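Structure assessment
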Amino acid sequence: MWDEIGDLQLRFLVSQGLRPDHDLLDIGCGCLRGGVRFVDYLNAGGYAGVDSNPSLLEAGYDLELAQAGLTDKLDRSALLASDQFEFEKLGRQFDFAIAQSVFTHLDLNRIRRCLAKTAEALKPGGRLFATFFEGPADASPFTLTTHLSGIVTKSDADPYHYLIDDFRHAARGLPLEIRRIGDWGHPRGQRMLEFISTQTTASSPT
Ligand SMILES: C[S@@+](CC[C@H](N)C(=O)[O-])C[C@H]1O[C@@H](n2cnc3c(N)ncnc32)[C@H](O)[C@@H]1O
């Protein structure tokens with residue numbers, strides 16, 4: 001679903017107000033499925049991607065971006081290999097961030113770290129859009145949930161499902177407001193959440 005989910009990400013963020021002059025952070029960007037579209041859409045230098053797997057970043061830059069003729073629009077240093085969400089290493093803050101099909105693979109403590117670091121990386125009023133599989137409200141930790149395309153999720157193993165309250169817990173004390181967007185047309189039934197920075201002044205990332 002390379003093209004379908006790549007196009008969906010760009011279409012969605014544009015519908016949410018992403019403009020070419022914005023700065024966008026792509027968390028768990030992989031080999032730039034969304035990234036190629038974002039680099040094409042944004043002004044040169046507007047995109048940054050972070051992934052724990054350096055070989056995916058290499059493939060994204062050297063194959064995907066090169067084939068699309070877009071390497072002139074992105075310095076290689078804007079792709080950061082990190083599994084600790086060290087966005088401060090990018091040295092700037094962002095209007096938008098997206099984590100597409102990333103929280104579906106992370107336990108809640110890692111999601112909390114990601115949210116804390118993203119809160120620092122967003123400009124005041126900046127917005128993170130994150131996809132997740134939604135679990136049943138009344139389920140025990142052992143309940144399996146089947147989503148579109150037959151994907152089965154659990155509350156305690158990858159691929160994970162979560163409740164909105166799980167994310168409220170993970171974001172507790174952070175300068176982020178949560179909004180459930182829900183169905184955004186994902187072909188595997190992942191739902192969308194928005195986290196909006198409630199900071200009023202720019203902070204320097206630590
Ligand atoms: C299913 S892929 C989604 C990739 C991309 N967002 C897309 O839509 O094509 C999940 C990505 O998250 C990355 N990832 C997993 N844990 C991570 C972490 N702690 N920090 C950064 N990236 C992570 C994986 O390496 C993988 O590339």
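These lines cover the structure that appears in this document, whether it is placed above or below. (Residues numbered from 1 in each chain as written. Predicted model: local features only at pLDDT ≥ 70, side-chain atom pairs only at ≥ 80, totals over all residues. Heavy atoms only, no water.)

A few points about the environment of Cys31
When you line up the elements, Cys31 lands in the loop between strand S1 (24–27) and helix H2 (33–41). A sequence separation of 23 residues divides Cys31 from Pro54, and the C-alpha atoms of the two residues are 9.4 Å apart. For Cys31, the contacting residues outside a window of four places in its chain are Trp2, Leu56, Ala59, Gly60 and Glu64. (Helix = DSSP H or I, 4+ residues; strand = E, 2+ residues; numbered from the N terminus. Contact = heavy atoms within 4.5 Å.)

A closer look at the packing of aromatic side chains
For the coordinates displayed, the defined rule picks out 10 aromatic pairs. Both rings, one in Phe38 and one in Tyr47, keep their centres 6.2 Å apart while their planes meet at 25°; by these two values the pair is stacked. You'll find Phe38 and Tyr47 in the same group, each marked buried. (Phe/Tyr/Trp six-rings, centres within 6.5 Å; stacked < 30°, edge-to-face > 60°. Buried < 20%, exposed > 50% of the residue type's maximum accessible area, 1.4 Å probe, protein only.)

Considering the side chain of Arg127
Here Arg127 shows up in strand S5 (residues 122–134). At a separation of 2.6 Å, a polar atom in the side chain of Arg127 contacts the side chain of Glu194. Discounting chain neighbours no more than four positions away, the residues touching Arg127 are Gln16, Asp95, Phe96, Ala97, Leu122, Glu194, Phe195 and Ile196. (Polar contact = N/O pair within 3.5 Å; in protein donor to acceptor, adjacent residues only side chain to side chain.)

Let's talk about helix H3 (residues 54–67)
Every α-helix carries 3.6 residues per turn, so stepping three or four residues along brings you back to the same face. Between the first and last C-alpha of H3 there are 19 Å, a value that for 14 residues agrees with the 20 Å anticipated at 1.5 Å per step. Taking the largest bend as the criterion, H3 deviates by roughly 35°, centred on Gly60. Those residues of H3 that fall on the buried side of the exposure criterion are Leu57, Gly60, Tyr61 and Leu65. Against the buried residues of H3 lie H2, strand S2 (47–51) and strand S3 (79–81). Just past H3, the residue Gly69 takes up positive phi, approximately 70°. (Expected span 1.5 Å × (residues − 1). Bend = angle between axes of the 7 residues up to and from the residue.)

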